[in-house]
Amino acid sequence: MTDATGHHTVSAGEAIAEFVNTSKRFGAVLAADSLNLRIRKGEFLSFLGPSGCGKTTALRMLAGFETPTEGTILIDGRELASEPAYRRPVNMVFQHYALFPHMTVAENVAYGLRQRRPKLPGAEIALRVAKALDTVRLGDFGPRRIWQMSGGQQQRVALARAIVNEPKILLLDEPMAALDAKLRAEMQMELLGLQRSLGITFILVTHDQQEALSMSDRICIMGKGRIMQIGTPRELYDLPANRYVADFVGRANILPARVRATTGARAEVALADGLSVEVTAPFAVPPGAAVEVAIRPEALRLALAPEPGVPAIAATVTHMTFFGEHIEYLLAHPVLGALQVMLPRQAERALPGAGVGAMLHVLWDPGAGLILGQD
Amino acid sequence: MAISQRMARAILLAPAGLWYAVLLVLPLIVVLVYSFGERGAAGGYAPAFTLAQYANLGARWTAFQNTLLLAPAGTLAALLIAYPLAYFLALRVSARWRTTLLVLVIVPFWTSILIRSYAWIFLLGGRGIPQLLSDLGLGDLRLINTPFAVLLGIVYGYLPLMVFPIYVSLEKLDKRLLEAAGDLGAPPWRSFLQITLPLSLPGVATGSMLVFILLMGEYLIPQMLGGGKVFFVGNALVDLFLQSRNWAFGSALAVTLVAIMLVTVTLYMRFLKRIGAARDDVGLM
Amino acid sequence: MKKDETPITRQKFIEELHRYRKGSVTRRHFLGVTGLGTAMAVLGGALPMLRPGPALAGDIGDRVILATWPNYHDVANFDLFRDQTGAAVQVNVFGSNEEMLAKLQAGGSGWDLFVPTNYTLTTYVEADLIEPLDLSKLPNYDAAAFEARFAEAGTVGGKLYAVPKNWGTTGMAWDSGKAKAPFTSWKEFFDVTRTDFSGRTIVHDYQLTTIGSALKYFGYSFNSVDPAELAEAEKLLIEVKPHLFAITSDYQPPMRNGDAWLTMCWTGEGKQLNRDLPEIRFALGKEGGEIWSDYYAIPKNAPHRDAAYALLNFLIDPQVNTREALAHGFPVADARVNAQLPAELLNDPILHPAAELLNALEFGAAATLTDPNRAELMARFKSA
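The model shown is predicted, which means the values in this text are computed figures rather than measured ones.

Thresholds, definitions, all that
Residues numbered from 1 in each chain as written. Chains lettered and ligands numbered in written order. Predicted model: local features only at pLDDT ≥ 70, side-chain atom pairs only at ≥ 80, totals over all residues. Heavy atoms only, no water. Disulfide = S-S within 2.5 Å. Buried < 20%, exposed > 50% of the residue type's maximum accessible area, 1.4 Å probe, protein only. Helix = DSSP H or I, 4+ residues; strand = E, 2+ residues; numbered from the N terminus. Expected span 1.5 Å × (residues − 1). Polar contact = N/O pair within 3.5 Å; in protein donor to acceptor, adjacent residues only side chain to side chain. Contact = heavy atoms within 4.5 Å. Buried area = accessible area lost by both parts, 1.4 Å probe. Salt bridge = Lys/Arg side-chain N within 4 Å of Asp/Glu carboxyl O. Core = buried A, V, L, I, M, F, W, Y, C linked by side-chain atoms within 4.5 Å. Phe/Tyr/Trp six-rings, centres within 6.5 Å; stacked < 30°, edge-to-face > 60°. Lys NZ or Arg CZ within 6 Å of the ring centre and 35° of its normal. Pairing = 2+ DSSP bridges. Axes fitted to C-alpha atoms, helices over the stretch in contact; angles between N-to-C directions.

**So, the state of the cysteines**
Residues and elements named next belong to chain A. Tallying each qualifying case throughout the model produces zero disulfides over all chains. Left without a disulfide partner, C53 is nearest to the cysteine sulfur of C220, which lies 8.9 Å away. What makes C53 buried here is its relative accessible area of 1%.

This is the structure:
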């Protein structure tokens, strides 16, 4: 199923896995702090965050390589927190693939099927291995040795080795980190196609926000061992719950402000220089409260002169970077500090002569930007 | 540039080449020549061309029998003890303790094997372990000067040579492979058999080879812990050169020992290769 | 060594260890017998060239190299020699005559003076490995002072090649606490080994004495090379082998700690065992057995010949030799020395057995040492 935005949709009801108050402590370090998360059947979920945020720990607890210190994990309705990895209906694609160097490609792929008890017939294993290799477009590579395969091919072997087992959940631990940019983009598309056709739940761990945004049905932003926000890529981008998410996903101007008045889902706030702007308020805020507002660089506009009825900040251009289809401006304001603005190429043409050093007006359209919650 | 590079290589390899030529190849040729000679009237070597020395090899059959039985047995026993130890050190011990424990494995090497064997003579002698056992009511056990004592001494003496290669191969084993095996449904013992063991085979091969080759030429431990009753080819050689001074026969014995070792080691290498090669042949299963 | 039934204490362990060491550092020392013992001890100063020498130093050089048996000298004498002459004595310790012969045959031994046993001397002369002694350089040598039987092997083909050092016998030592009756013969030695003492007997790792004693069991000559007689001796040895505790010349440690109860034994070591552990007795076989005499000889091409003569002359000086004898305890053939030794040493029944026992003994013969059949028999026995 796809919705109007072209996004794959997953019914919210069926959970394939669930973290229930799950914590993991390594000595003094709390690597996962009371995680609560329902993973939906068939969805593509990403754990996104910088290194040390707890995303890998969460994945390893799902795989069974780590046992939660507190709380539990359910997989397909069964409590599995203390079940060893080899008895879980999940498979993982490892960051550096972890292929068995002493086995051929086919033997690697067959490994999981060979562990089944009662044993599967050899013919069936051969058939399924061949099918899995076909799926990753390595049909003829079965007899090859692992060291004869390129990085991208090894990645596919690792994928085939996992999906051949038809796991309930496929775990992917930074699977594309070792690939070059072009190969990575290709692989992302392939992976997505595979997920759609197999209908298996994919859980991806990545630190690459583009990867997460482009592939995931939902993203779970992690930081300091906690879940910072869960949502679709659009929700995270448009309505980051807090400064951490706003900062990590995409780019944002984050400015301190004071609430003047609220009307429904809108609020009027005063920026540090006294300018009043109208922003989205995802939650109720009392007038007078000190808040932080975030606004994406592409939500701001630049003009040579202020427009009536649109709040404007007069600022000096300090940097201009040309990216082809868009231009990024960095402007300085004596009170608000640095502001990022991104303009489409067309909009630049309306600003003749507005180079570095020029004084421009940064226009804040009503409703652009939003109030951030606490981290 | 090419010439100077070649010259540099020649200069670098010269010491080792000379070493092998003077200390390995030349003596081997001498031994080979002597093995076709005769014993001198007052001992030593007298030039001749005869196969008599080789025809007489049967006179040392027991020595060969002991060597060919106890050297593989010792190697196997050392392997069976060393592997779990190496496994424990490489995969189960925290990094903090590992170095200390590794050093403890080598410490015995800091003392001469002679001194250590004397310690074993004392431990295995009537006032050592047998005394303890009899105090515990476990009967009258004779340990010293038995094949068992020799085996024990061998395993004790050569254990580090077995532990280290295995340790190295286990230590560099990618631990994620074990996670991968577990993830794919292999219980720990199966992932040990299917992943850890095959990947540590190079260490096992190196260790076994080292120990086996040294045991084939072993002389000191049987002499000391076997009371002169457990006779290896090495002991026969020492007797022939230092006691009866029959250099020709001694040379024939040495040549035969070297030949047996070459054959055994070659077969062993082939066998290892076949284990590796077998996987190629399997292809898609 | 006895009556401590309780598990061994720490102190006892150390004592035990010392005894081990002591026991193992004796004549026919294990290190030597096993061929490991080219162990070189440097006595009288490791770096003599750095020491300002006395006036005579220039005459004989600064060093002299002696190849001898373990514990066979008084180290103080070497110090004295160095102080008198400026030549430091460097000692190479050996364990068997065969090994000494092998080393000299191989050439380049570097020895100036060495201590061969009687039966090897003709072999050395025939192989042209030793030189006749120049008596003008040995004023301390007095042929008349030596009992003929301990000195005559030194003369080969009418020329004097070697002068006597010490003599001794080869008998048997046993733990009297374990034996029903004292041992008196080689017959008893081999018979009791196969019965009451099974697993408790040691024979030498030395063909001369082991085969010789087995020959004596049948009443044959200790030196026999007769194939039929040797075949009988071999049969006996191979029959006895499963009952042996060990085939080793390093027999003191197991005798001392009680593992072994009976062993073939050289006089001096019999004396040492008996002195430390009175329950260990020593006797000669009444059928006979070995008597031996060690000599000093100078190898051909000795690198420091003058120093070799000086050292030899010094060591056979009766005063010096008396101190030597008091240090190592072996009987001396030189009447001038015996005149100065205490009576209890000269009357000791182990060191100086009764004449009728002594007369039954035989000196080892050169042929016994070099006979290939005996060597091969020993090897077959060991590897059986």
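Having seen the structure, we can now continue with the description.
**Quick look at helix 10 (residues 227-240) of chain C**
The end-to-end C-alpha distance of helix 10 of chain C, which contains 14 residues, comes to 20 Å, matching closely the 20 Å that a straight helix rising 1.5 Å per residue would cover. If you check the start of helix 10 of chain C, you find a side-chain oxygen 3.1 Å away from the backbone N of C:A228, and it comes from C:D226.

**Description of the interface of chain B and chain A**
Contact with chain B, which involves 25 residues of that partner, is made by 32 residues of chain A. In this assembly, chain B packs against chain A so that about 2500 Å² is buried in total across both faces, 61% of it on carbon and sulfur atoms. Linking chain B to chain A there are one salt bridge. Counting residues per element, the ones that place at least two in the side of chain B that touches chain A are helix 8 (175-183), helix 9 (188-216) and helix 12 (247-282) of chain B.

**Let's talk about the interface of chain B and chain C**
Of the residues lining the interface, 37 residues belong to chain B; the matching set on chain C comes to 44 residues. Summing both sides of the interface, chain B and chain C together bury roughly 3500 Å²; the carbon and sulfur share of this comes to 52%. The largest share of the area that chain B buries against chain C comes from B:F122, B:R127 and B:K229, three residues that together contribute 21% of it. Run the count over chain B and chain C and you get two salt bridges. Close ionic contact of C:K382 with B:D239 constitutes a salt bridge, the shortest N to O distance being 2.6 Å.

**Examining the pattern of salt bridges**
All chains considered together, the criterion is met by 43 salt bridges over all chains. Where A:K168 meets A:D76, a salt bridge forms, and the shortest distance between an N and an O atom there is 3.5 Å. In this pair, A:K168 sits in the loop between helix 4 (151-163) and strand 7 (169-173) while A:D76 sits in the loop between strand 4 (70-75) and strand 5 (78-79), placing the two residues 92 residues apart along the sequence. Look at A:D76 and you get partly exposed, because its relative accessible area is 36%. Ionic pairing is found between C:D191 and C:R194, a salt bridge with its closest N-O pair at 2.9 Å. Overall, C:R194 belongs to the partly exposed group, its relative accessible area being 23%. Beyond isolated ion pairs, a larger network of salt bridges with shared partners links C:K187, C:D191, C:R194, C:K235 and C:E239.

**Quick look at the side chain of A:R145**
Structurally, A:R145 can be placed in the loop between helix 3 (122-135) and helix 4. At 3.4 Å, the side chain of A:R145 forms a polar contact with the backbone oxygen of A:H102.

**A few points about the nonpolar core**
By size, the foremost hydrophobic cluster in this structure holds 135 residues, and its most contacted members are C:F114, C:L311 and C:L312. Considering each element in turn, this core owes the most residues, 13 residues, to helix 3 (residues 61-92) of chain B. For C:F114, the residues in contact, after removing those within four places along its chain, are C:L66, C:A67, C:M100, C:L104, C:Y124, C:I130, C:Y295, C:Y296, C:A297, C:I298 and C:P299. With 41 residues, the next largest nonpolar core counts A:A32, A:L37, A:M61 and A:F100 among its residues.

**A look at the packing of aromatic side chains**
A full pass over the atoms with the stated rule returns 31 aromatic pairs over all chains. On the basis of an interplanar angle of 45° and a centroid distance of 5.4 Å, the ring pair of B:F36 and B:Y54 is categorised as tilted. You can see B:F36 sitting in the loop between helix 1 (2-34) and strand 1 (38-39) and its partner B:Y54 sitting in helix 2 (residues 52-55), a full 18 residues away along the chain. Owing to a relative accessible area of 21%, B:Y54 belongs among the partly exposed residues under this scheme. Aromatic side chains C:F190 and C:Y217 sit 5.9 Å apart centroid to centroid with 80° between the ring planes, which places their arrangement in the edge-to-face category. Remark: C:Y217 occurs in helix 9 (residues 207-217) and C:F190 occurs in helix 8 (residues 186-193); sequence separation between them is 27 residues. The structure contains a cluster of three or more aromatic residues connected by ring pairs, namely C:W186, C:F189, C:F190, C:Y217, C:F218 and C:Y220. The cationic tip of A:R161 hangs over the ring face of A:F100; the distance from NZ or CZ to the ring centre is 4.7 Å. Note that C:K165 overlies the ring of C:Y72, its terminal NZ or CZ placed 3.9 Å from the centroid.

**Quick look at the sheet that holds strand 8 (residues 201-206) of chain A**
The strands making up a sheet associate through hydrogen bonds between their backbones, and the pairing can be parallel or antiparallel. All names here are of chain A. Read from one edge to the other, the open sheet built from six strands follows the order 6-7-8-3-9-10, with strand pairing classed as mixed. In this open sheet, the two strands that pair with only one neighbour each are strand 6 (90-93) and strand 10 (226-231). Across the sheet, the mean angle separating the axes of adjacent strands is 20° when strand polarity is ignored. Bridge count for strand 9 (residues 218-223) against strand 10 is five bridges, and the pairing is antiparallel. In the strand pairing of strand 10, C220 is matched with I230.

**Let's talk about the arrangement of the chains**
Sorting the two pairs of chains in contact by contact count puts chains B and C at the top. The two partners chain A and chain C share no contact, and the minimum distance between any of their C-alpha atoms is 44 Å.

**Examining unusual backbone geometry**
In the segment running from A:R117 into A:P118, the intervening peptide bond is cis, with an omega of 0°. You can see A:P118 is positioned in the loop between helix 2 (105-114) and helix 3. For A:E174, which is not a glycine, the phi torsion comes out positive at approximately 45°. Assignment of secondary structure puts A:E174 in the loop between strand 7 and helix 5 (181-198). Of note in the backbone geometry, C:D128 takes a positive phi value of approximately 60° without being a glycine. Mapped onto the elements, C:D128 comes out in the loop between helix 6 (121-126) and helix 7 (148-151). C:D128 sits in the partly exposed class, given a relative accessible area of 46%.

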